[in-house]
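# Structure assessment
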Amino acid sequence: MEEITDGVNNMNISDSHRKNRIQVSNTKKPLFFYVNLAKRYMQQHNEVELSALGMAIATVVTIAEILKNNGLAVEKKIMTSTVDMKDESRGRPVQKAKIEILLGKTANFDELMAAAQEERENADVEEQS
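What counts and what doesn't
- Residues numbered from 1 in each chain as written.
- Predicted model: local features only at pLDDT ≥ 70, side-chain atom pairs only at ≥ 80, totals over all residues.
- Heavy atoms only, no water.
- Pairing = 2+ DSSP bridges.
- Helix = DSSP H or I, 4+ residues; strand = E, 2+ residues; numbered from the N terminus.
- Axes fitted to C-alpha atoms, helices over the stretch in contact; angles between N-to-C directions.
- Contact = heavy atoms within 4.5 Å.
- 1 Å grid on protein atoms, 1.4 Å probe; cavity = no way out; pocket = protein on both sides within 12 Å on 5 of 7 lines; lining within 4 Å.
- Points joined across faces, edges and corners; volume = space filled by probe spheres on them.
- Nonpolar A, V, L, I, M, F, W, Y, C, P; charged D, E, K, R; others polar.
- Phe/Tyr/Trp six-rings, centres within 6.5 Å; stacked < 30°, edge-to-face > 60°.
- Buried < 20%, exposed > 50% of the residue type's maximum accessible area, 1.4 Å probe, protein only.
- Lys NZ or Arg CZ within 6 Å of the ring centre and 35° of its normal.

Naming follows an unreviewed UniProt entry, where the protein chain appears as DNA/RNA-binding protein Alba-like domain-containing protein of Nyssa sinensis.

In structure tokens, the structure reads:
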């Protein structure tokens, strides 16, 4: 019994419970919801892991490219794999493609985020006057 307890205590936090992971769906939320969420995660954790299955892979790649093209993120790691799942309609096993992209903050991430925040505040002031 002691061995099991030691094993549990030494175990790494499983992938699905990582605090900086975003599992992207291409049907549930709009694209920029995920872009903004990824920015927030990078502010808090210095990096974010974007993950998707099947048809949502294109959405994850788009999110990563938006963040990279805006100078906010750098690619650290890209992992691809296949996952065995049950087909909901037929109940038979199917394989789905999976991608995980790890992005880190750029050197000037904080400056760019501060400039964007200042721009939003100035726009708010203009609207009110």
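## Details of the sheet that holds strand β1 (residues 21-23)
Hydrogen bonds between backbone groups are what pair the strands of a sheet, and the pairing can be parallel or antiparallel. Reading across from one edge, β1-β2-β4-β3 is the order of the 4 strands in this open sheet, with mixed pairing throughout. The outermost strands of the open sheet, each flanked by one partner alone, are β1 and β3 (73-86). The sheet shows a mean angle of 20 degrees between the axes of neighbouring strands, direction not considered. Summarising the sheet, β1 and strand β2 (residues 47-53) pair through 3 bridges and their orientation is parallel. What sits directly across from glutamine 23, in β2, is serine 51. Across the sheet, helix α2 (residues 31-45) touches β1, β2, β3 and β4 (93-105), and the angle it forms with β2 is around 145 degrees.

## Some points on the pairing of β4
Here β2 runs beside β4; their pairing, made up of 7 bridges, is antiparallel. Each bridged residue has a counterpart across the sheet, and for serine 51 the counterpart in β4 is glutamate 100. In the sheet, β3 pairs with β4 via 13 bridges, with the strands oriented antiparallel. Following the sheet pairing, aspartate 84 is matched in β4 by glutamine 95.

## Thoughts on the layout of surface pockets
Of the pockets and cavities examined, the largest pocket occupies roughly 340 Å³. Surrounding the largest pocket, 15 residues form its lining, Ala52, Leu53, Met85, Glu88 and Lys96 being those nearest its centre. For the lining of the largest pocket, the per-class residue count stands at 7 nonpolar, 2 polar and 6 charged.

## Some remarks on the packing of aromatic side chains
On inspection of all chains with the given rule, the structure shows 1 aromatic pair. Pairing phenylalanine 33 with tyrosine 34 gives two aromatic rings, centres 5.3 Å apart and planes at 80 degrees, and the pair type is edge-to-face. A residue is classified by how much of its surface remains accessible, and tyrosine 34, at 4% relative accessible area, is buried. Directly above the ring of phenylalanine 33 sits lysine 29, whose terminal nitrogen or CZ lies 5.1 Å from the centroid.

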